[in-house]
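Listed here are the chains, written in short residue letters.
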Amino acid sequence: MRPEHNAEYISKIRMRLCDDALARKEREKRRRRVLVEQLAAHEAIEQRKHEDMLVTCLMRQSQLERRIALQLLQVRLEKDVIKNNRLQREQQYMKRRLRDFDEALDHEAEVARLTKLEYEEQCAKEVKRHEEIAADNQRKKYMKHYNMCKDTLMQMVDLVCMAGHYKELSEQPIPIHLWKEWQALFVAGKPFYEDKDDDLGSEDEDCEAITVLNECNMDQYKSLTGEWVPPEEHPEITPHLPPQNNFILGHILKRLELLVHPPPRPPTPPRFPEFPIRACIVGKTFSGKTSVLSGLSIKRRLKILNVDMLIEDAVAAYNANEEVTVEEVVEATPIPPLVPPTETTAPAGEGDAAPAEDGAQPPPADPASDTPAEESAAEPPIPVPTPEPTLKVVYKRVLSPRAQLGKAAEQAMTKGKTVPINTMVDIVVLGIREVPAGTGWILDNFPKTLKQAKALEKALSGFSSSESRASLLGTPGSGTPRGTPRATPSPSKLSSKNGSRKGKKNQLVDEPDCDKPAPPPAPLSGLDLVIHLSIPDKVAIKRACGRRKHKDGEEYHEEHRPPPEGSYTGVPPTYDEFNVKHSPSPETVPIEDDAYRQIQPRLVTHQEEWPRMEKWFNMFNNLVTVDAQAPLSNVEEEVEDHLEEALVRKMKPPTPTPTPTPVDEGKVTPSVTPGEQSTPSAAPGEGTPAPEEGGPTPAAASEPSGGGPETIPEEAHKSPSPLPGSEEWTYVDEPIPSEAAVVLFPQWELIQETYLKLCKHTFKKIRSERETIVRYFYSAKKNFLVFLQRPDNKQTFVTSWVKNYNGVAEDMREDVEMKAELHQTVEDLQEKLWDISDKKKVEAEEERQSIITEQWLEDHIGILTNHFIQLLQAEVDRYQGSVRLIKDYYQVLSAKILDEPNKDFIRVPLVELPRTESPQPPSEEKNERSSARSERSKSAGKVQGSPSIQTPGIPVTESEENGEPPRRIPLVSRKVLERESRKSGKPPRETPEQDSEEAQIVEAYMSALAVIEQLKQPSPDDDAGGDGKGKAKGKDKGKPKKGKKSASPAATPNAGTPVPELTPEEIARQKMLERAGMECAAALLCEEKALNLKLSVVKLRAITVIKDLKERAAKMYDVQFEWIGQRFQKEMESIKSMVELLGDVIESEKALLPQVILSDERFEVDMGYKMFEPPATPPPDAPIEMPTPDIFTIRQLQELHANLRETAPSGYISLDLLVEMFEPPSHLPEIWQNVTVQQLEEIFSRHLCETKYINWRTVLLSCLLPIPLPNQQQLIRSAQQYRVTDKEGKGLLNLAEYASGDLWFSGDGTVAADGSAQFDRLGHLKPTLFSLFCEDNYQIDYTDLLLLFCADPEPGNGALKALAMITGLEVEWPAYIETPDPNKEPAEDGLSSTGAAVDVPTKHVPITLEQLKRVVAFNRMPTASLKLVEEELESVFKEIEGTDGTADVSTLLVHPKGRDIILHTPSYLLVDYRSLLLEVVAQDPKITERVPQPLV
């Protein structure tokens, strides 16, 4: 504003003050005038009242009569008025009641509408929550399937890697057995690259992958598939094909197993009264189960059993201490009568003892008594009668069963757990037992889970899911199809805690079909009907929401059963009722019980449990499903129909199942007569018993009984007799003593376990050896190739020759003699290079020969041979054990005494391996070669160095346990066969038939075949007929020996001796023995054929594997030989090419500038080879900022900024926290390490304003010093640059835009006196400012940055810089106004600090109110004082505001309030920490001494 406007403004104010004074005087006059007039009027009124009172008193008496009449008339009128008023009031009340009723109805309708909306929102919310839960479950299921697919894919990748790795190692197609093993690992989900333990002592600790591979190999070996497929036409295998199962042995083992481990008896099903219907109704929560049952209970005679109510009744019975009286029978011990001592009896306590309580006889007389022994024996003591114990009935009061179950339920619920399933089922069963007979019952919403369903079924019918159906029906375990392997537990795990043993199933042979039980029928359930009410989840959620309960106890639903009108607010449906009831209240309240709160988890539980429950109920064929979305009446009718069908089906008599006709053994047995055994249809070994087994000879058996003419027997027209072991054959099932079964069956278990364990161990070792040999081939070729490519010194000679040639002068190269001399040097060079190549070739051949003769491969092939021989040994051991078992079984069946076990088992000879260490296979490094040598020596020691070299897995014999010398496995030296081959003059490797390993396998095969011939020979015991055995057994065995002699059918009567007639029992026994002999012979023949087949297959497979390995070795040796020749040939060609090139160079008489390269077999001339100058010296490293004692480094500033931002992310930090952060010791300059807490508080308190919080950006600015401070022009220029860069006008810049602008300082690039570069602090400070003051989005507000740098030691000058920067124009204090001092109070009445009058400046700098507020409020917390300052500033701005909405900065500075606000703005005070600390240090000399560097 201008001065003339101020004068006018002042004059107007003075005129206004004068006008106010005149108006005040006029108002006072008018008020006094009004008061005078009011007093006069009041006096006149009082005078008039006085006159009226006088007149009234005079006329009072004359008017008394008239008043009485008037009063009577007025009373009559009042009665009429009261009557009319009452009528009108009733009409008004009627209208008001009608209006209230209408409002109540409207309110009821509105509440109903809002409740409907709330119900819909509640349904939508619950449905959404259910969908989220379903989505989460689906996601978990997806992740589960995803992880399964991922694992499968990774296994496929591993499988491909395994295949590629094997092809890389072997360079051959993958064999079929490897594919089978990998397939087994893939199907089992086992890792391919798991570490495998090859130690023999750790077979019990094999990993799961090795177990899977062992099972795979065992299955292939038993079924003769995979690599064990026998050739189609082979003289040793064809007679024994196809492989047959020994069903006779399977029948024997089945009988022994049933005797040793009889099947458990089926549990006794519980007994209940007869109920016409037994059912349960299940389904999701709110599917209508209780509603349906409540209607059925009224129509039908049904008892509804609710589990929750039953549990509550049980808990209530426990709390009420419900007791019952029980009877208990107690045995009373009688007191024995006293007997006086006699002459023949000893005194009490000496000869006789008191009778025991259990009724035992008294002990004999004391030998120390006076009575002689003969006398006591002749005259026995008088027996004392012992009274019998009496029984007494005792009555006790105990808790009832219901109370006991309630106690268990309450204890579980008190602990916050669910009621145990067994307790819950017992409570339900107790409730069922209380149902009267002839009344049906239905379980309401029970069972809910599969475990509850199983427990309930077990309690009702005794059926348990853990037991098989066969055990429930009293039949043995169901059989498996023929040829199916079955799991077998180890014998060590057969014994259980109670001493009983569970028999393990056979894995080697299968029982015949006649021993396999028929599949049992479906079990009978304890429930006649299971009704499942099916509804969608959304319907259940809708039914759970919107339920309301009436005050009379009835429940309603918003959608399916809406409550009656007026239930929400309690308004009556008619006006008459509303007129009577004046205060209506709600009659229904919303229901929020546990069922509503647990709707989601119950639905999830039902979704998880119902598929398994459905499978369980379908097993009993008693499940029906009803759609519960239909109306309640339709659902009740459908459920009632299903109950009727179940009742009719239960009342219907069961249809008898056709039973198979039992086979009459008497009809089949006569058909197998001794005469039929000699018919041509019975081939040898297929039905003919061996003579030594005790059967009659064919001649005696075929002798006709009569002497009539020969006729064709009828049996010739009949079908041939069944062979033993066939489906038509009837096995001999004579009773066997349990003692023999207990001995024989564990014997077979031991045979089977030993056989399986040894075979699996052998398969594991065979796999390991074959993999080791394949890796040996690969490493041998790879190491030999590395050996061939080893460097040599040929390049040294070539380089020397080139150097000498280039050293010859150019004019000398033209001399003929010099050329001849140079050609001679080339020939000498050629000879040297040839010598080097020849030497390398000889070394390579020696290396190849060392690989051939190192014997590593022969040793491991010998180990592999021993493993195949171990497989032969396993077959031999199994055969011997099976034969022993079969013979012992039929000896027991024939009532013979078992022979002594033969301990001399045949041992197949193994290959003897050398004990000395042999050369090891080549490896990539020496340590690998040494480790391979040590491992090979260890493996050789394991095979040969053990004290008893026996097959792993064969149990220790009794001779070893008794201290006898152990029987060792015979060893055959491989060198003996090689020596024989040398004597014959033939090389050892010409034909595979002459190899030592193959010959050893053949020898082992022949030794194994000798077992059959050895076991076929009759033993001396058999020849003696049991006499020797009887004598050896002693006298007590004479009778069985005679019986055995008489029962033996081998003794043929003489011709003259009359044959005694046999009884029918003896004839039947003789026929039984004949059939037993046939079975025994057939079983032995089947075992013999199986042994021959397995031995031949193993022999051929071993020969094939060894032959393949030797062919691979020969191929590897040939490849190495070819590599040597090819390499030598290439080296010769490269030397020849180089010599020709050098000769041409000599003839050309020029220098050889390109580099000549002769490396191994490669010869090159590098035409691009040139000489370069050495590289220049690398530039020095960038200078590093060295810390100074009084200035913050860039790194210290960044650490301080990180700590401040982490401590106070809002930008404001308290004084105490700031002082604590700067307390020593800290990572600050040295000068800060000697400052006390009081000094820090004094320094930082300069930033305080209005609060105890400080903007830490001002602290960072003070720590940046010393830096150049900008003036107004520099700030304006920087702001203009950034405004141009900020095209969008947001006021924010990123790092690139910030770096494009120039600040008021730049790097100086100073150089030290020695010429080295020094650290440019100012140059690094510009990007550091961005990181210090940017926001979290890595953008900086350039206006706030420039306002921050407007700070000055004089805050008034800083505010002036801020006004200049924000307006873009320079702002100066008027020339006649001194520079304001913020510590001095401003002068009053618009005078300056000098007291002179203020003239208006001429320069105009416009500023808006928003810009002015930003300058004043910068870096200040939004407090109440700041708000007052802004309000004062706004009022000042309105006073000086111009027509364009802006104000002049100069006028603002002249205005007293405006100038005061600007001068007292604390945001622009710059505190120089460095100067303050230097003053503190200068005052304390002790601190100066501790500072290591001088302070500048």
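Rules used in this analysis
- Per-chain numbering applies: the sequence of each chain, read as written, is numbered from 1 onward.
- Under the rules for a predicted model, residues below a pLDDT of 70 receive no local features and side-chain atom pairs below 80 are neither given nor counted, while totals for whole chains, interfaces and linings still include all residues.
- Note: side-chain values were computed over all heavy atoms of the structure, leaving out hydrogens and water.
- In DSSP terms, a helix is any run of H or I states spanning at least four residues, a strand is any run of E spanning at least two, and both are numbered starting from the N terminus.
- Throughout, a residue-residue contact means that at least one pair of heavy atoms, one from each residue, lies within 4.5 Å.
- Salt bridges are counted wherever a side-chain nitrogen of Lys or Arg sits within 4 Å of a carboxyl oxygen of Asp or Glu.
- Accessibility here uses a 1.4 Å probe with only protein chains present; expressed as a share of the type maximum, an area under 20% marks a residue as buried, one over 50% as exposed, and anything in between as partly exposed.
- A pair of strands is labelled paired if DSSP reports no fewer than 2 bridges between them.
- Each patch is built from residues that are more than 30% exposed by relative accessible area and take part in no salt bridge. Like charges join if they lie within 9 Å; nonpolar side chains (Val, Leu, Ile, Met, Phe, Trp, Tyr) join within 5 Å.
- Exposure was quantified through the Shrake-Rupley algorithm and a 1.4 Å probe, taking into account, for residues, occlusion by the shown protein chains and nothing else.
- A pair of aromatic rings is counted whenever rings of Phe, Tyr or Trp (Trp by its six-membered ring) have centres within 6.5 Å, and the orientation is called stacked for planes under 30 degrees apart, edge-to-face for over 60 and tilted otherwise.
- In plain words, nonpolar cores are sets of buried Ala, Val, Leu, Ile, Met, Phe, Trp, Tyr and Cys residues tied together by side-chain atoms within 4.5 Å.
- Every axis in this analysis is a line fitted to C-alpha atoms, fitted for helices over the stretch in contact. Angles between the N-to-C directions lie between 0 and 180 degrees.
- His is not counted, nor are the chain ends, whereas Lys and Arg count as positive and Asp and Glu as negative.
- Each charge is placed at NZ for Lys, CZ for Arg, CG for Asp and CD for Glu.
- Each residue carries a pLDDT score, the predictor's confidence in it, ranging from 0 to 100.
- Any angle that falls under 35 degrees is termed roughly parallel, while one over 145 is termed roughly antiparallel, one within 65 to 115 roughly perpendicular, and all others oblique.
- For any helix crossing, the convention is left-handed if the near helix is rotated counterclockwise from the far helix by under a right angle, and right-handed if that rotation is clockwise.
- For this classification, Asp, Glu, Lys and Arg are treated as charged, while Ala, Val, Leu, Ile, Met, Phe, Trp, Tyr, Cys and Pro are nonpolar and the rest, including Gly, are polar.
- How far a helix is expected to stretch is found by multiplying one less than its residue total by 1.5 Å.

Some details on the overall build of the protein chain
Thinking step 1. Scanning the protein chain from terminus to terminus reveals 47 helices and 20 strands.
Thinking step 2. If you take every contact in the protein chain between residues at least 6 apart in sequence, the share linking residues at least 24 apart comes to 78%.

A word on the pattern of salt bridges
Thinking step 1. Summed over all chains, the structure comprises 39 salt bridges.
Thinking step 2. Note that E28 is salt-bridged to R32, the shortest N-O span being 3.5 Å. Residue E28 and its partner R32 are located together in helix α1 (residues 3-59), separated by four residues, close to a single helical turn.
Thinking step 3. Salt-bridge contacts for E609 lead to R612; the nearest nitrogen and oxygen are separated by 3.1 Å. A residue pair is termed a helical-turn pair when its members lie 3 or 4 positions apart in one helix, as E609 and R612 do in helix α16 (residues 599-618) at three residues.
Thinking step 4. For E609, a relative accessible area of 16% corresponds to the buried category.
Thinking step 5. Three or more residues are tied together by salt bridges with common partners; here these are D792, K794, K840, R1127 and E1131.

Observations concerning the pairing of strand β5 (residues 440-444)
For a regular strand, side chains alternate in direction, first toward one face of the sheet and then toward the other.
Thinking step 1. Counting buried residues in β5 gives five out of five residues, a clear majority hidden from the surface.
Thinking step 2. Going residue by residue along β5, you find G440, I442 and D444 tucked away on one face and W441 and L443 tucked away on the opposite face as well.
Thinking step 3. Here strand β1 (residues 278-283) pairs with β5 via four bridges, running parallel. Looking at β5, one finds that R278 is bridged to W441.
Thinking step 4. As judged from the five bridges shared by strand β2 (residues 302-306) and β5, these two strands associate in the parallel manner. Opposite L302, over in β5, you have G440 as the bridge partner.

Observations regarding the pairing of strand β7 (residues 547-550)
Thinking step 1. Across three bridges, β7 lies against strand β8 (residues 555-557) in antiparallel orientation. Looking at the pairing, R548 lines up with Y556 of β8.
Thinking step 2. What sits between β7 and β8 in their antiparallel hairpin is a turn of four residues, with G553 showing a positive phi close to 100°.

Description of a nonpolar patch on the surface
Thinking step 1. Together, Y9, I10, I13 and L17 give the surface a local cluster of nonpolar side chains, amounting to about 390 Å² of exposed area.
Thinking step 2. Classification of Y9 as exposed rests on a relative accessible area of 53%.

Digging into the packing of aromatic side chains
Aromatic rings in a pair are described by how distant their centres are and how their planes are angled relative to each other.
Thinking step 1. Enumeration over the complete set of coordinates arrives at 25 aromatic pairs.
Thinking step 2. Seen in terms of ring centroids, W801 and Y805 are 5.4 Å apart; in terms of plane orientation they differ by 5°. Their pairing is stacked. Here W801 and its partner Y805 are both found in helix α21 (residues 794-807), four residues apart, which amounts to about one turn of the helix. Pair check on accessibility: W801 and Y805 agree, each one buried.
Thinking step 3. Residues F1244 and Y1473 carry aromatic rings whose centres are separated by 5.5 Å and whose planes lie at 90° to one another, so their mutual orientation is edge-to-face. Here the residue F1244 occupies a position in helix α35 (residues 1237-1244), and Y1473 occupies one in helix α46 (residues 1473-1483), the gap between them amounting to 229 residues.

Remarks on the nonpolar core
Thinking step 1. Counting 90 residues, the largest nonpolar core has Y221, W228, L857 and Y890 as its most contacted members.
Thinking step 2. Contributions of two or more residues to this core are made by α4 (208-223), α5 (247-260), α20 (738-788), α23 (816-853), α24 (856-893), β11 (910-912), α28 (996-1016) and α32 (1064-1148).
Thinking step 3. No other element matches α32, which puts 23 residues into this core.
Thinking step 4. Ignoring sequence-local partners within four residues, the contact set of W228 consists of N217, Q220, Y221, F763, F868, L871, V1097, V1098 and R1101.

Section: the sheet that holds β7
Thinking step 1. Read from one edge of the open sheet, three strands run β8-β7-β9, paired in antiparallel fashion. Strands at the two margins of the open sheet, each flanked by one partner only, are β8 and β9 (588-590). Averaged over all adjacent pairs, the angle separating strand axes in this sheet is 35°, with direction ignored.
Thinking step 2. Here β7 runs beside β9; their pairing, made up of three bridges, is antiparallel. The residue of β9 that forms the bridge with H550 is T588.

Examining a positive patch on the surface
Thinking step 1. There is a patch of like positive charges on the surface, built from R24, K25, R27, K29, R30 and R33.
Thinking step 2. Turning to its location among the elements, K25 is positioned in helix α1.
Thinking step 3. Accessibility expressed as a relative area gives 56% for K25, which makes it exposed.

Remarks on the confidence of the model for the protein chain
Thinking step 1. Taken over all residues, the pLDDT of the protein chain has a mean of 74, while the share at 70 or more is 72%.
Thinking step 2. When the criterion is pLDDT under 50, residues 916-968 qualifies, and its contacts beyond four places in sequence or with other chains add up to 91 contacts.
Thinking step 3. Within the model, the stretch residues 1021-1056 combines pLDDT values under 50 with 23 contacts to residues more than four positions away or in other chains.

Some points on the packing of helix α2 (residues 64-170) against helix α3 (residues 176-188)
Thinking step 1. In contact at an axis separation of 11 Å, α2 and α3 are set at 160° when each is read in the N-to-C sense. Between α2 and α3, the interaxial angle falls into the category roughly antiparallel. Here α2 runs over α3; the crossing is right-handed. Residues T152, Q155, M156, L159, M162, A163 and Y166 of α2 touch α3, and the partners they reach there are L178, W179, W182, L185 and F186.
Thinking step 2. Class assignment for the residues of the contact of α2 with α3 results in ten nonpolar, two polar and no charged.

Here we look at the packing of α5 against α20
Thinking step 1. α20 packs onto α5 with a crossing angle of 120° between their chain directions and a minimal axis gap of 9 Å. Considered as vectors, α5 and α20 are oriented oblique to each other. Considering how the two elements wind past one another, α5 and α20 form a crossing that is left-handed. Contact residues: α5 offers L249, L253, L256, E257, L259 and V260, while α20 offers A741, V742, L744, F745 and W748.
Thinking step 2. Taken together, the residues of the contact of α5 with α20 break down into ten nonpolar, no polar and one charged.

Notes on α32
Thinking step 1. Between its first and last C-alpha atoms α32 spans 125 Å; for 85 residues at 1.5 Å apiece the expected length is 126 Å, and the two agree.
Thinking step 2. Immediately beyond the C-terminal end of α32, within one or two residues, lies E1149, with a positive phi of roughly 60°.

Some details on the side chain of H606
Thinking step 1. Of note, H606 is situated in helix α16.
Thinking step 2. In this structure H606 touches G283, K284, H532 and P611, once residues within four positions along its chain are discounted.

Here's the deal with the sheet that holds β2
Thinking step 1. As summarised here, the arrangement of the five strands in space is β2-β5-β1-β6-β10, forming an open sheet in which the pairing is parallel. Of all the strands in the sheet, the pair left with one neighbour each is β2 and β10 (623-627). Strand-to-strand twist in this sheet, taken as the mean axis angle between neighbours without regard to direction, amounts to 25°.
Thinking step 2. Strands β2 and β5 of the sheet are contacted by helix α7 (residues 307-319), whose axis makes an angle of about 70° with β2.

Points about helix α36 (residues 1256-1264)
Thinking step 1. The element α36 is largely enclosed, with a buried count of nine among its nine residues.
Thinking step 2. W1256, R1257, T1258, V1259, L1260, L1261, S1262, C1263 and L1264 are the residues of α36 that are buried.

What to know about a negative patch on the surface
Thinking step 1. Together, E118, E120, E121, E559 and E592 make up a negatively charged patch on the protein surface.
Thinking step 2. Mapped onto the fold, E592 is located in the loop between β9 and α15 (594-597).
Thinking step 3. Judged by relative accessible area, E592 falls into the exposed class, the value being 52%.

Quick word on the environment of G438
Thinking step 1. Its place among the elements puts G438 in the loop between α10 (421-433) and β5.
Thinking step 2. The spatial distance from the C-alpha of G438 to the C-alpha of E274 is 6.1 Å, given a sequence separation of 164 residues.

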